[in-house]
Amino acid sequence: MGYLSGFIFNIIDKINSQLIRRFVQLFFLGIVIIIGIQFYDFTAQLENGKIPDIERPPGVEAFLPISALVSLKHLFLTGKINEVHPSGLVIFILVCFSALLLKKSFCSWICPFGLLSEYLTKLNAAIFINPLKVPAWPDYLLRSVKYFLAAFFVWSIFFKMPANAVMQFIYSPYNVVADIKMLKFFTDISATALIVTIVIMLLSVIIKNFWCRYLCPYGGLLGFISLFSAGKIRRNSDSCTGCGKCDRACPSLIKISDKKIINSDECTACMKCTGVCPEQNTLELSILSRTVPVKPMAVAFILLAIFAGGITIASVSGNWHNKVTKKQYLIYMMSQGMLNNKIAIPAMRDNIKMEKMRKMMEMMNNGKP
Ligand code: SF4
Ligand code: SF4
């Protein structure tokens, strides 16, 4: 009877952990799609030379991690959150904070690319009877690529970029419209970018988790931060039977069954391992020690609380919406040659001389910190 109830308890836990996680992933994907549609509309109006009649959704800056890194340095230099992409910095800080609390939970609970990667992995399982396994040493070498990429960005921005270059970059026309350039990357994708994207997706089908495991610099940065995470998967070696189910379930290929604490930088707190463990109170995600286990619903709640709380604080303190007006957006887009030439823009271009625009931009930039 005890075994049966334990079995049922674990089945429910297993279903719950992945259902709850999927729900959270889809929830954030839904937000990304809504933001994308609104931002697409905002950008289309600008491209047609109009002052948009809708607001720009600030959350779009989540896709500007390099700009956020520069913003972080700007914050250290000035003590202020910049007014160009403040939400990008806020989201970046919240993501890093989540890694300090719950490993790389951002990757497996929130990131839409992580979700796509999971579905490509499912395709891998559906296509290949014996999926390709990367041998240990190439796997080790490839895994380090994302850390090199992350280290390169951190080193270039934090150690090589002079303070005045940080200021210039933050208020440069390029950075102001970086969100629009990022959108155009997806909507007007170049042949090269398309080929690279297709190759990475194909590789992600052939090799499980290819992008996340080997290439994503954001994942590399979070992997490093997650080494200091308070929350970790912990195994009770007294009640563990050594069945190895957790090892087989782990999408990050971590050997769980011979460790008491999973310190691995690859752990994304996906809780697949805790879901399959047949023994009660044996394998759990817990904070600081095994005395504070965190169930999947609690992980979902904590992550939602981190982002909802952080965004609310940023909004109330005036650090969520940027201070770039729609008119400024239009001028900056003209200066970057990003307006739709076919629609009444030549006349505008003729009327507003580039020299005059440069002076206007200088005026806008003056007085900024
Ligand atoms: S150790 Fe567990 S929580 Fe971490 S990635 Fe592997 S299955 Fe997911
Ligand atoms: S699934 Fe549970 S019992 Fe089996 S090896 Fe992993 S921790 Fe031990």
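Everything that follows concerns the structure shown earlier in this document.
Residues numbered from 1 in each chain as written. Chains lettered and ligands numbered in written order. Predicted model: local features only at pLDDT ≥ 70, side-chain atom pairs only at ≥ 80, totals over all residues. Heavy atoms only, no water.

All right, on to the overall build of the protein chain then. Helix and strand content of the protein chain: 18 helices and three strands. Looking at the 369 residues of the protein chain, the share that counts as buried comes to 45%. Long-range contacts, defined here as pairs at least 24 residues apart, represent 78% of the contacts in the protein chain between residues at least 6 apart. Within the structure as shown, the protein chain displays about 19100 Å² of accessible surface, and the carbon and sulfur contribution to it stands at 70%. (Helix = DSSP H or I, 4+ residues; strand = E, 2+ residues; numbered from the N terminus. Buried < 20%, exposed > 50% of the residue type's maximum accessible area, 1.4 Å probe, protein only. Contact = heavy atoms within 4.5 Å. Areas by Shrake-Rupley, 256 points an atom, 1.4 Å probe, with all protein chains shown as cover.)

To continue, consider the sheet that holds strand β3 (residues 283-287). Sheets are built from strands that pair by backbone hydrogen bonding, the pairs being arranged parallel or antiparallel. Read from one edge of the open sheet, three strands run β2-β1-β3, paired in antiparallel fashion. The sheet is open, and its two borders are formed by β2 (261-262) and β3, each paired with just one other strand. Where strand β1 (residues 231-235) lies against β3, five bridges are found, and the strand directions are antiparallel. Across the sheet, residue Arg235 finds its bridge partner in β3, namely Leu283. (Pairing = 2+ DSSP bridges.)

Quick look at the site of ligand 2 now. Around ligand 2, the surrounding shell consists of Arg235, Cys240, Thr241, Gly242, Cys243, Gly244, Lys245, Cys246, Ser257, Cys277, Pro278 and Glu279. Residues that form the shell around ligand 2 fall into these classes: five nonpolar, four polar and three charged. (Near = heavy atom within 4 Å. Nonpolar A, V, L, I, M, F, W, Y, C, P; charged D, E, K, R; others polar.)

Here we take up the nonpolar core. Among the nonpolar cores identified, the biggest contains 76 residues, and Phe92, Trp109, Leu222, Ile256, Leu285, Val299 and Tyr329 are the most heavily contacted of them. If one sorts the elements of this core by residue count, helix α3 (residues 86-102) sits on top with nine residues. Ile200, Ile207, Phe210 and Tyr214 belong to the second-largest nonpolar core, a separate cluster that totals five residues. (Core = buried A, V, L, I, M, F, W, Y, C linked by side-chain atoms within 4.5 Å.)

For the structure on display, the rule yields twelve aromatic pairs. Both rings, one in Phe39 and one in Phe42, keep their centres 6.2 Å apart while their planes meet at 15°; by these two values the pair is stacked. Highlighted residues: Phe39 and Phe42, both in helix α1 (residues 2-47), separated by three residues, approximately one helical turn. A residue is classified by how much of its surface remains accessible, and Phe39, at 1% relative accessible area, is buried. The exposure class of Phe42 is buried, given its relative accessible area of 1%. Seen from their ring centres, Phe76 and Phe158 are 6.0 Å apart, and the 55° between their planes marks the pair as tilted. Note that Phe76 is positioned in helix α2 (residues 65-78) and Phe158 in helix α6 (residues 136-160), a separation of 82 residues in sequence. Residue Phe76 is classed as exposed on the basis of its relative accessible area, which comes to 59%. The rings of Phe27, Phe28 and Phe307 are connected pair by pair, giving a single aromatic cluster. (Phe/Tyr/Trp six-rings, centres within 6.5 Å; stacked < 30°, edge-to-face > 60°.)

Let us now look at the environment of Ala150. With respect to the secondary-structure elements, Ala150 resides in helix α6. Placed 84 residues apart in sequence, Ala150 and Ile66 show a C-alpha to C-alpha distance of 10.0 Å. Each residue touching Ala150, except ones within four places of it in the same chain, is listed here: Pro217, Gly220 and Leu221.

With that settled, consider the pairing of β1. For β1, the tally of buried residues reaches five of five residues, placing the bulk of the element in the interior. Side chains Gly231, Ile233 and Arg235 of β1 all project onto a buried face; the interleaved residues Lys232 and Arg234 project onto the opposite face, where all are buried too. Pairing geometry for β1 and β2, over two bridges, is antiparallel. Paired with Ile233 across the strands is Ile262, a residue of β2.

This part is about the site of ligand 1. Lining the immediate surroundings of ligand 1 are Ile233, Cys250, Pro251, Ser252, Ile254, Ile256, Cys267, Thr268, Ala269, Cys270, Met271 and Cys273. Here the residues of the shell around ligand 1 sort into ten nonpolar, two polar and no charged.

Interhelical geometry of helix α5 (residues 112-127) versus helix α10 (residues 191-206) gives an angle of 50° and a closest axis separation of 7 Å. Between α5 and α10, the angle falls in the class oblique. For the pair α5 and α10, the contacting residues are Leu116, Leu120, Thr121, Leu123, Asn124 and Ile127 in the first and Met201, Ser204, Val205 and Ile206 in the second. Its residues assigned to classes, the contact of α5 with α10 shows seven nonpolar, three polar and no charged. (Axes fitted to C-alpha atoms, helices over the stretch in contact; angles between N-to-C directions. Parallel < 35°, antiparallel > 145°, perpendicular 65-115°, else oblique.)

Here the focus is the pairing of β3. Of all five residues in β3, five are buried; the element is thus mostly enclosed. Neither face of β3 is left uncovered, since the one carrying Leu283, Leu285 and Ile287 and the one carrying Glu284 and Ser286 both have all their residues buried.

Within the secondary structure, Glu284 is located in strand β3. Residue classification places Glu284 among the buried residues on the basis of a relative accessible area of 13%. Between the C-alpha atoms of Glu284 and Val294, which are ten residues apart in sequence, the distance is 7.3 Å. Here Glu284 is in contact with Lys232, Ile233, Arg234, Thr274, Pro293 and Lys295, once residues within four sequence places are set aside.

Okay, a nonpolar patch on the surface next. Taken together, the side chains of Leu123, Ile127, Phe128, Leu132, Leu194, Ile198, Leu202 and Ile206 make up a nonpolar region of the molecular surface, amounting to roughly 690 Å² of accessible area. Taken together, the elements giving at least two residues each to the nonpolar patch come down to α5 and α10. Ranked by the residues each element gives to the nonpolar patch, the list is headed by α10, at four residues. Along the chain, the position of Phe128 falls in the loop between α5 and α6. (Patch = residues over 30% accessible without salt bridge, like charges linked within 9 Å, V, L, I, M, F, W, Y side chains within 5 Å. Salt bridge = Lys/Arg side-chain N within 4 Å of Asp/Glu carboxyl O.)

The values are spatial; any link to function lies outside them.
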